[in-house]
Amino acid sequence: MDRRGGAPKTGADRRRPVFTTLSGIEVPEAAGPADLAGWDPATALGEPGAYPFTRGIHPSMYRQRLWTMRQYAGFGDAEGTNQRFRYLLAQGQMGLSVAFDLPTQMGLDSDHELAEGEVGRVGVAIDTLADMERLFHGIPLDRISTSMTINAPAAILLLMYEAVARSQGVLAERIRGTVQNDILKEYVARGTYIYPIVPSMRLVTDTFAYTAGHLPQFTPISISGYHIREAGSTAPQEIAFTLANGLAYVRAAQAAGLDIDSFAGRLSFFFNAHSDFFEEAAKFRAARRIWAQLMREAGAIREDSWRLRFHAQTAGSALTAQQPEVNIVRVALQALSAVLGGAQSLHTNSYDEALALPTEASARLALRTQQVIAHETGVADTVDPLAGSYWVERLTGELEREARAYLDQVEAMGGAVEAIRRGYMQREIQDAAYRFQRQVEAQERQIVGVNIHQMEAAEVVETYRLDPALVSRQRKALAKVRRQRDQAAVRAALARVEAAARGKENLLEPLAEAVAAYATVQEMCDCMRRVFGEYREGAS
């Protein structure tokens, strides 16, 4: 096998090197007109801002408005994260993106025994509305949009955010942002689920309906291929499994009585910007084209319903602990692929994230990377500058065909939910991850600093360290809220949440009441746990 992962050649071709993309698509020595034989630019490309949106979802793309530079941040307690938010905004960041710690993601309070050792570690700890108030203290929520990476308890954190905005006097129609709320990929790739699939899907569609009625500018879901790719998928698998999950949400919302054109235009996606430069740029173009076709097939009439909007984040799995400063180069090139692929917003990883939480300096450098791409390179000055490239157009088509083949297999099983129940997506991703790891170990895939160009002595990099007293502070703050709140109001609100879970009422209405009463995240989640149970492999 060749150093780039291709199949061995035989006979007269034995001496010719074989190159493949990270996903195993063979790369020609020189692409040319023959690679686009039968290719019709009118149907495959169209115009920017027009169906099938291969060239972007807006006619002028970045000439009119740059992508949103939305750096992901969250660690420790609310006060510490608030300081980092303020710092990033002062450095020119355009939107906030919140990381929550694992206990919050799993619907557990900071003083639960299973939260031991995890409070504030990979994100900010949020136990009650009081934490959310401190998190956004002094940040005007009518002038900033916020993305929240939260899934199983997504509805609760969204309602907390709404409550904070309301306390600032912000009108509901001016509250902007996105809540990830993509529970299907948790069963596939990440594992921070709580409930079985069916009630989890109910929470998702209840959030669709609630935002449509209460928060018209808030995006109720960010359907994530990012974590699918981080788990080891190929680019075609990332496209296919992400869009298959998107179809499942669309169908669930339709089954709940929502008209597709009432919500499809407010769906968003979240993709990985990985290391194979041209494959990544082509991946984003292919994903837009497929989604536009799928939404027309699903009965959407409005053009806005056909547009695939996406946030991208550079690949965390590509960051190396060895020679971490080399990650600066990796991140810049990954970010450039996302921009050339037409991202609506972007997060660039900090070079030290393979070692620890990012420092202020490394986070600033990651943001500056986007700013240099935006203001100094010229790549934002024309729409889809890669269009018409023999290789990029061929690769876009190859990715579309391979992704469609995976989608067909998922559809043959009855859709994403059934494919997840059968473990199909999980197995495909695991097999792809295993193949890649074998290639790295055999040096068929070369990673600078890991299996080539290594250094004998490890570089010393200053890393961020969490305050060891933060857990004690967080637990004391939680205990104080519990003492001072109106206990009768909390009990009444939680009883209503449990009653709604047993019935068919939209769950976000009673949850909003519980949030306002300062019920804890775990108390609200436990009400639903008692009714729904917890997910077990193979459950529905």
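Residues numbered from 1 in each chain as written. Predicted model: local features only at pLDDT ≥ 70, side-chain atom pairs only at ≥ 80, totals over all residues. Heavy atoms only, no water.

Caption draft 1: Seen up close, the environment of Ser 305. Along the polypeptide, Ser 305 turns up in the loop between helix 11 (277-297) and strand 9 (310-314). Classification of Ser 305 as buried rests on a relative accessible area of 0%. In this structure, the C-alpha to C-alpha distance between Ser 305 and Val 326, residues 21 residues apart in sequence, is 40 Å. With sequence-adjacent residues up to four places away left out, Ser 305 is seen in contact with Ile 260, Asp 261, Ala 264, Gly 265, Trp 291, Met 295 and Ala 300. (Helix = DSSP H or I, 4+ residues; strand = E, 2+ residues; numbered from the N terminus. Buried < 20%, exposed > 50% of the residue type's maximum accessible area, 1.4 Å probe, protein only. Contact = heavy atoms within 4.5 Å.)

Caption draft 2: Fine view of the side chain of His 347. Position of His 347 among the secondary structure elements: in strand 10 (residues 345-347). Setting aside residues up to four positions removed in sequence, His 347 forms contacts with Arg 70, Gln 71, Tyr 72, His 311, Ala 312, Gln 313, Thr 314, Glu 353 and Gln 370.

Caption draft 3: Quick look at the environment of Leu 22. Structurally, the position occupied by Leu 22 is in the segment before helix 1 (41-44). Note: C-alpha distance between Leu 22 and Arg 445 (423 residues apart in sequence) is 8.5 Å. When sequence neighbours within four positions are dropped, the list of residues in contact with Leu 22 reads Arg 229, His 274, Ser 275, Asp 276, Glu 279, Phe 436 and Arg 445.

Caption draft 4: Molecular detail of the sheet that holds strand 5 (residues 177-179). The strand order across the open sheet built from five strands is 2-3-4-5-6, with neighbouring strands paired in parallel fashion. Looking at the sheet topology across the chains shown, the edges are occupied by strand 2 (72-73) and strand 6 (218-219). In this structure, strand 2 lies alongside strand 3 (residues 96-99), joined through two bridges in parallel fashion. When the bridges of strand 3 are listed, Tyr 72 appears paired with Ser 97. (Pairing = 2+ DSSP bridges.)

Caption draft 5: The arrangement of the pairing of strand 9 in detail. Here strand 9 lies mainly inside the structure; five of its five residues are buried. Both faces of strand 9 are covered, namely the face carrying Phe 310, Ala 312 and Thr 314 and the face carrying His 311 and Gln 313. Where strand 8 (residues 268-273) meets strand 9, five bridges bridge the pair, whose relative direction is parallel. Looking across to strand 9, one finds that Phe 269 is bridged to Phe 310.

No statement about biological role is implied by the geometric values presented.
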